[in-house]
Amino acid sequence: MTRKLKTGELELRVLRYNPEIDDAPHWEEYRVHYEPMDRVLDALHKVKWFEDGSLTFRRSCAHGICGSDAMVINGVNRLACKVLVKDLKHPITVEPLRGLPVEKDLLVNMEGFFDQFKKVMPYLVNDEPVPAGERLQSPEERERFDDTTKCILCAACTTSCPIFWSDGSYFGPAAIVNAHRFVFDSRDRAGDERLRILGQKAGAFKCRTTFNCTDACPRGIHVTRAIQEVKREVLDRSI
Amino acid sequence: MHNEALTWSFAVRGPGWPMLVSAQIPHSPRFFTADTSERRGVRTVEKVGTIYRGGQGQWAFAAHRISGALVFFFLMAHILDTALVGFGPKFYNRVVGVYHNPVIRLMEIGLAGAVLFHALNGLRIMAIDFFPKASDRQRELLGFVIGLFMVLFAPAVFFMGRELLHSL
C-alpha cells in the first residue's frame, strides 16, 4: 500500500480466513477513519459495516461484560471493546484467539473451551436442608473467592497459555478460576470432588506459572494466583 | 466517515473495483448493504506466523525450557562419556580430551549459564508454588533472579573465559 495515511485515519491489519475460499489464513489491510475515543471494536465495525460485510467476529454487549470479543490485538489477548485505538501502536494487528479452531476470520470455535469449563462443575452444590432464610456467609468468607467471581468467560486467559496451545486437553486457566470460585465458597459442598478433577493430569498442575493469563485477563483477575491456590488446596487436602 | 470510506476504497483499488453496493442503493441504511460478495481489504504478503507478546513471565518460561533442554543434552553426553570409562583409560581419555576443544569450552560457559539460570528460576517457580501470594510479585522475583544470575555468572564467564583464552 503506497498512499499515505490521512489525519485521523488508521491502518488495521486483520488475519482473515474463510474456509470456503482460502487454503490458509492471510493478512488483509484496511484504512478507516477514527475518532479519539474509538475502540478497536469500533474500527472493526467500520470495516464490517462500510468496507467488507464478510468480516466475521463475535461481539455482543460491546462494554466489556459479555466476553464475546476477545482477540489477539497487537500480539496480546484483549477485548476489542475495551482497548482504545489511541493507546495502541499503529498499524493495529488483529488475529483470532490461539489454541482454538478458527471457524472464520476472528471467530473461533469455543466448544472445547466450554466443555472444559463444565468439567469442573461451575455451580453451587449443596444438598443440605434448605435453611429458613439465606445461607449466610461472613464478609471474610465472601472475600475469600471475590476475585474469581469476576470472570466473564471470554477465554482471553486460556488462549494466552503456552501450555494450552500445545496441549488442548489442559483444562486451562478459565476453568480453574471458575473452580476456585466454588472451591473456596463456604456454602459449597463439592470442593473435594472439584479438587479431585483438578488434581488429574490435565488439571491445575499442568500450569507452569507463565503468567500470560494474569496479564491477559480483561477483568484484572489474579488468574495465576487462583490456580496456585487451587494447587495448594489439592495438596493440603490430600495430606 | 461516509465519504472517507468511499474515497479510500476508490483511491486504493482504482476504477477497476466495483463501487460499494450501498452507493448504488442510496436509500438503504449502509449497515445492511455492505457488499459481502467481494473481498475489500488489501491482501498483504507478510508472513502469517506471529509471536504472542506475553510479558516477562512468558520469556522466563521460554528461557527455563531452553536452558533445561540444554542441560539435558549435556547430561546425555556426559552419561555416555562417563560410561566409556568401562572400556579402559586410553579410550576414555581420548574421548574426554574432546572437552579441551575451544569450541566445546565456549559451550561450557553457556552450559554454566544454563544451569545457573535454570536453578535460580526454578527457585522462583517453587516459591510461587508454595506461596500463592508470591504470584502477585512474580515480576519483582524475576528481576531478583536475573540480578542474582548476572552477579553469579559474571565471575564464571571471567574465570572460564580466561582459561579458554590461555589455552588458545
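Bear in mind that the values here come from a model prediction, so they are computed numbers and not experimental data.

## Focus: the overall build of chain B
Secondary structure summary: chain B contains six helices and one strand in total. Counting helices and strands in the order they occur from the N terminus, chain B gives α-α-β-α-α-α-α. Within chain B, buried positions represent 30% of all 168 residues. By element, 72% of the accessible surface of chain B is carried by carbon and sulfur atoms, the whole surface being about 11,100 Å².

## Thoughts on the nonpolar core
Residue and element names in this part refer to chain A. Membership of the largest hydrophobic core comes to 69 residues, with the highest contact counts inside it found for Leu12, Val40 and Leu44. Of all the elements, helix H5 (residues 172–183) adds the most residues to this core, at six residues. Built from parts of two domains, this core gets at least three residues from each of domain 1 (9–108) and domain 2 (111–236). Each residue touching Leu44, except ones within four places of it in the same chain, is listed here: Leu12, Val14, Leu55, Phe57, Met71, Ala80 and Leu106.

## Remarks on the side chain of Gln138 of chain B
Structurally, Gln138 of chain B can be placed in helix H6 (residues 138–167). Overall, Gln138 of chain B belongs to the buried group, its relative accessible area being 3%. Ignoring anything within four residues of it in the chain, the contact list for Gln138 of chain B reads Phe211 of chain A together with Gly57, Arg124 and Ile128 of chain B.

## Let's talk about helix H8 (residues 223–238) of chain A
A rise of 1.5 Å per residue sets the reference length of H8 of chain A, with its 16 residues, at 22 Å; its end C-alpha atoms lie 23 Å apart and thus fit the reference within 8%. Every buried residue belonging to H8 of chain A is among Val223, Thr224, Ala226, Ile227, Gln228, Glu229, Val230, Lys231, Glu233 and Val234 of chain A, and all of these are buried. Where H8 of chain A is buried, its residues contact H5, helix H6 (191–198) and helix H7 (212–216) of chain A together with helix H5 (102–130) of chain B.

## Focus on a nonpolar patch on the surface
The grouping of Leu123, Met126, Phe130 and Phe131 of chain B at the surface amounts to a nonpolar patch, some 450 Å² of accessible area in total. Position of Phe131 of chain B relative to the elements: it lies in the loop between H5 and H6.

## Some points on the pattern of salt bridges
Tallying each qualifying case throughout the model produces 28 salt bridges over all chains. Between Arg225 of chain A and Asp136 of chain B there is a salt bridge, and its shortest N-O distance comes to 2.6 Å. Placement of the pair is Arg225 of chain A in helix H8 and Asp136 of chain B in the loop between H5 and H6, with the two residues belonging to separate chains. Counted as one network, the salt bridges with shared partners bring together Glu11, Arg13, Glu29 and Arg31 of chain A.

Rules of the game
Residues numbered from 1 in each chain as written. Chains lettered and ligands numbered in written order. Predicted model: local features only at pLDDT ≥ 70, side-chain atom pairs only at ≥ 80, totals over all residues. Heavy atoms only, no water. Helix = DSSP H or I, 4+ residues; strand = E, 2+ residues; numbered from the N terminus. Buried < 20%, exposed > 50% of the residue type's maximum accessible area, 1.4 Å probe, protein only. Areas by Shrake-Rupley, 256 points an atom, 1.4 Å probe, with all protein chains shown as cover. Core = buried A, V, L, I, M, F, W, Y, C linked by side-chain atoms within 4.5 Å. Domains from an automatic or database assignment. Contact = heavy atoms within 4.5 Å. Expected span 1.5 Å × (residues − 1). Patch = residues over 30% accessible without salt bridge, like charges linked within 9 Å, V, L, I, M, F, W, Y side chains within 5 Å. Salt bridge = Lys/Arg side-chain N within 4 Å of Asp/Glu carboxyl O.

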